[in-house]
Amino acid sequence: MNSITINPAASIRGDITVPGDKSISHRSIMLGAIANGITTVRGFLRGEDNISTMSAFRAMGVEIDDDGETLHIHGCGLHGLKEPSDVLDCGNSGTTIRLITGLLSGQSFFSVVTGDQYLRKRPMKRVVEPLSRMGAKISGRNQGSLAPLAISGARLTPIDYESPVSSAQIKSSIMLAGLYADGETSVQEPTLSRDHSERMFKLFGASINRYDRGVTVSGGARLNAQEVIVPGDISSAAFFMVAALISPGSELIIRNVGVNPTRTGVIDILREMGGDIKLLEQREVSGEPVADILIRSSRLKGISISGSVIPRAIDEFPAICVAAACAEGVTTIRNAKELRVKETDRISAMAGNLRTLGVEVTECDDGMDIRGVESLSGGEVDSFGDHRIAMSLSVAALVARSGITVKDTDCVATSFPNFFQLLEKASVK
Ligand code: S3P
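We now turn to the structure provided with this report. (Residues numbered from 1 in each chain as written. Predicted model: local features only at pLDDT ≥ 70, side-chain atom pairs only at ≥ 80, totals over all residues. Heavy atoms only, no water.)

### Description of a negative patch on the surface
For step 1, the next point in the chain: Taken together, Glu-63, Asp-65, Asp-67 and Glu-69 make up a surface patch of like negative charges.
For step 2, the next point in the chain: Mapped onto the elements, Asp-67 comes out in the loop between strand S4 (63-66) and strand S5 (70-76).
For step 3, the next point in the chain: A relative accessible area of 55% means that Asp-67 is categorised as exposed. (Patch = residues over 30% accessible without salt bridge, like charges linked within 9 Å, V, L, I, M, F, W, Y side chains within 5 Å. Areas by Shrake-Rupley, 256 points an atom, 1.4 Å probe, with all protein chains shown as cover. Salt bridge = Lys/Arg side-chain N within 4 Å of Asp/Glu carboxyl O. Lys, Arg positive; Asp, Glu negative; His and termini not counted. Charge placed at Lys NZ, Arg CZ, Asp CG, Glu CD. Helix = DSSP H or I, 4+ residues; strand = E, 2+ residues; numbered from the N terminus. Buried < 20%, exposed > 50% of the residue type's maximum accessible area, 1.4 Å probe, protein only.)

### Points about the site of the ligand
For step 1, the next point in the chain: All residues adjacent to the ligand are Lys-22, Ser-23, Arg-27, Thr-95, Ser-167, Ala-168, Gln-169, Arg-194, Ile-314, Asp-315 and Lys-342.
For step 2, the next point in the chain: With respect to the ligand, the side chain of Asp-315 contributes an N or O atom lying 2.6 Å from an oxygen atom.
For step 3, the next point in the chain: Breaking the shell around the ligand down by element, the ones donating at least two residues are helix H1 (22-34) and helix H6 (168-178).
For step 4, the next point in the chain: With 3 residues, H1 is the largest single contributor of residues to the shell around the ligand.
For step 5, the next point in the chain: Tallied by class, residues from the shell around the ligand come to 2 nonpolar, 4 polar and 5 charged. (Near = heavy atom within 4 Å. Polar contact = N/O pair within 3.5 Å; in protein donor to acceptor, adjacent residues only side chain to side chain. Nonpolar A, V, L, I, M, F, W, Y, C, P; charged D, E, K, R; others polar.)

### Concerning the pattern of salt bridges
For step 1, the next point in the chain: Considering all chains together, one arrives at 32 salt bridges under this definition.
For step 2, the next point in the chain: A salt bridge links Lys-171 to Glu-198, with the nearest nitrogen and oxygen atoms 2.8 Å apart. In this pair, Lys-171 is assigned in helix H6 and Glu-198 in helix H7 (residues 196-203), connecting sequence segments 27 residues apart.
For step 3, the next point in the chain: Look at Lys-171 and you get buried, because its relative accessible area is 3%.
For step 4, the next point in the chain: Asp-315 serves as the salt-bridge partner of Arg-346, at 3.8 Å between the closest nitrogen and oxygen. In this pair, Arg-346 is assigned in helix H12 (residues 346-356) and Asp-315 in the loop between helix H10 (309-312) and helix H11 (317-325), connecting sequence segments 31 residues apart.
For step 5, the next point in the chain: When its relative accessible area of 11% is taken as the criterion, Asp-315 is described as buried.
For step 6, the next point in the chain: Connected through salt bridges with shared partners, the residues Arg-122, Arg-194, Asp-315, Glu-343, Arg-346, Asp-386 and Arg-388 form a single ionic network.

### Looking at the sheet that holds strand S22 (residues 379-382)
For step 1, the next point in the chain: Strand order in this open sheet of 3 strands is S1-S23-S22, and the pairing throughout is mixed. Either end of the sheet is taken by a strand with one partner, and the two such strands are strand S1 (3-6) and S22. With direction set aside, neighbouring strand axes in the sheet form an average angle of 20 degrees.
For step 2, the next point in the chain: Pairing of S22 with strand S23 (residues 404-407) involves 4 bridges; the strand directions are parallel. Looking at the pairing, Val-381 lines up with Val-406 of S23. (Pairing = 2+ DSSP bridges. Axes fitted to C-alpha atoms, helices over the stretch in contact; angles between N-to-C directions.)

### Looking at the environment of Lys-278
For step 1, the next point in the chain: For Lys-278, the position within the fold is in strand S16 (residues 276-285).
For step 2, the next point in the chain: The class of Lys-278 is partly exposed, set by a relative accessible area of 37%.
For step 3, the next point in the chain: Each C-alpha atom of the pair Lys-278 and Arg-312 lies 18 Å from the other, and the pair is 34 residues apart in sequence.
For step 4, the next point in the chain: Within the structure, Lys-278 has its side chain in polar contact with the side chain of Asp-276 (distance 3.0 Å).

### A closer look at the side chain of Thr-39
For step 1, the next point in the chain: Tracing the backbone shows Thr-39 in strand S3 (residues 36-42).
For step 2, the next point in the chain: Under the relative-accessibility criterion, Thr-39 is labelled buried at 0%.
For step 3, the next point in the chain: The contacts of Thr-39, once residues within four sequence positions are left out, are Gly-32, Leu-71, His-72, Ile-73, Phe-204, Ala-225, Gln-226 and Val-228. (Contact = heavy atoms within 4.5 Å.)

### As for the environment of Glu-424
For step 1, the next point in the chain: Note that Glu-424 resides in helix H14 (residues 419-426).
For step 2, the next point in the chain: Residues Glu-424 and Pro-84, 340 residues apart in the sequence, show an inter-C-alpha distance of 42 Å.

### Focus: helix H3 (residues 94-105)
For step 1, the next point in the chain: For H3, with 12 residues, the first-to-last C-alpha span of 17 Å sits near the 16 Å given by 1.5 Å per residue.
For step 2, the next point in the chain: The buried fraction of H3 amounts to 12 of the 12 residues, a majority that puts the element mostly inside the structure.
For step 3, the next point in the chain: Gly-94, Thr-95, Thr-96, Ile-97, Arg-98, Leu-99, Ile-100, Thr-101, Gly-102, Leu-103, Leu-104 and Ser-105 are the residues of H3 that are buried. (Expected span 1.5 Å × (residues − 1).)

### What to know about the pairing of strand S2 (residues 11-17)
For step 1, the next point in the chain: Of the pairings in the sheet, the one linking S2 to strand S24 (residues 427-428) comprises 2 bridges and is antiparallel in character. Each bridged residue has a counterpart across the sheet, and for Ser-11 the counterpart in S24 is Val-428.
For step 2, the next point in the chain: The pairing of S2 with strand S15 (residues 251-258) spans 5 bridges and is parallel. What sits directly across from Ile-16, in S15, is Ile-254.

Below is the structure:
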């Protein structure tokens, strides 16, 4: 298990790009695989999570060429996937296992999906339950609530599902199953979660209808291969946004970042805290809004965060916690219970680690209160195998009084393989 010690930096400066969006990269493989024709994907994130998705589809007979720049996915049509001869290992990736389970439910073959020690602890009932209502035959540990999951392909019938949580993984899993159901499948959620599936279904020509907090997908539509250009991942950019905001004398531009409104909660939150963040050159690429982001260091203040912004910033809370720890006053986070079932329990992980760095944190069931400090102390902190915890704590180290050692940093490769190199490049000593 590797550890990394990050030393304080004077400021964060430069002109950088971050790797491709993880959510969009997953979906480009999945839809490319079941479309007709050859889909090309540029800007694909070659992180471990997305490699898991790529390997799973290769194991189902999909030819995917990768020249290091562009992927060529030889789509085999809605009904062309082949029974995999072995278990499909989704690694650490919740998106892979939950979305693929929806897709596999409607196939005519048997499959088993599993993942690493962290993924095998994460809740799967949230997709198994609605998919079972559609007629899917899925069994798994603990009454089908934990992976490995065994899926016997079945004829699916449409449902109209009111999801109790705002989750793009639940929504997308049902949408993918809906492609194989006979009729119209609908999903509603309490507040809109990321809508990359809706946008990409439309791009590939699926028959979908969006309304308020819901979407309807018609089964049986033919998907057509596309050219997909994946923008930079705002979740990866978030670490650098926070780094530049909290480090005095910083000015950073991050080019080509996806700024889909269902993902920009982090920008809204950091701006409300007083952060100087500007979106430049706003444009649309492959059906997704994209911009360059200019960030200048700012004096941050504590705010209250709750309600519909939570799903729009769900992956950015570890980084937002670091911003809160450096802000003046108290930041309260509520309605964020979902953070407890991410790659690790992110409420407890960030609370414990920030306390190690001298910050007063009070945890509650669905959030936390963080009282900002003048300066963070150095020390040894733990990622708990969670990439976003590891990267957030590395950013905190930039403004600590002395170095911070982050334990267990290999996980960073799941979403941002060149994170430490880029941090080093942008840090001015
Ligand atoms: C994702 C959805 C989110 C997010 C995850 C990626 C996706 O999970 O946390 O990192 O690609 O659909 P939930 O939908 O479970 O909130």
